[in-house]
Amino acid sequence: MPKMKTNKGAAKRFRRTSTGKIVKNSAFTSHILTSKTTKRKRNLRKSSIMAPGDVKRMKTLIPY
């Protein structure tokens, strides 16, 4: 059986931790920042662990 191909679009946006969890960056950080509070923008900088419902789909996109 051949190796699975990595989805390159997903590989640029998400990464896998050593325990197998998926890490993602927050959305809503690129433009229209004047209406967002400083606290909200600061918290959006942090990366977060992906929700369990989405992880199943992501594991097929990023198999390695």
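Everything that follows concerns the structure shown earlier in this document.
How each quantity is defined
Residues numbered from 1 in each chain as written. Predicted model: local features only at pLDDT ≥ 70, side-chain atom pairs only at ≥ 80, totals over all residues. Heavy atoms only, no water. Pairing = 2+ DSSP bridges. Helix = DSSP H or I, 4+ residues; strand = E, 2+ residues; numbered from the N terminus. Axes fitted to C-alpha atoms, helices over the stretch in contact; angles between N-to-C directions. Salt bridge = Lys/Arg side-chain N within 4 Å of Asp/Glu carboxyl O. Buried < 20%, exposed > 50% of the residue type's maximum accessible area, 1.4 Å probe, protein only.

Draft legend 1. The sheet that holds strand 2 (residues 22-25), seen in detail. Spatially, three strands are ordered 1-2-3 in an open sheet, and the strand pairing comes out antiparallel. In the strand order of this sheet, the two ends are held by strand 1 (14-16) and strand 3 (47-49), each with one partner. Going across the sheet, the axis of each strand differs from the next one's by a mean of 30 degrees, ignoring polarity. As paired strands, strand 1 and strand 2 are joined by three bridges and run antiparallel to one another. Each bridged residue has a counterpart across the sheet, and for Arg16 the counterpart in strand 2 is Ile22.

Draft legend 2. Spotlight on the pattern of salt bridges. As enumerated under the stated definition, the model contains one salt bridge in all. Asp54 is paired through a salt bridge with Arg57; the nearest N and O atoms lie 2.9 Å apart. Here Asp54 and its partner Arg57 are both found in helix 3 (residues 52-61), three residues apart, which amounts to about one turn of the helix.

Draft legend 3. Structural view of unusual backbone geometry. Here Phe28, not a glycine, exhibits a phi torsion of approximately 65 degrees, which is positive. Locating Phe28 in the fold gives a position in the loop between strand 2 and helix 2 (38-44). Judged by its relative accessible area of 62%, Phe28 falls in the exposed class. The phi angle at Ile32 is positive, at roughly 55 degrees, despite the residue not being glycine. Assignment of secondary structure puts Ile32 in the loop between strand 2 and helix 2.

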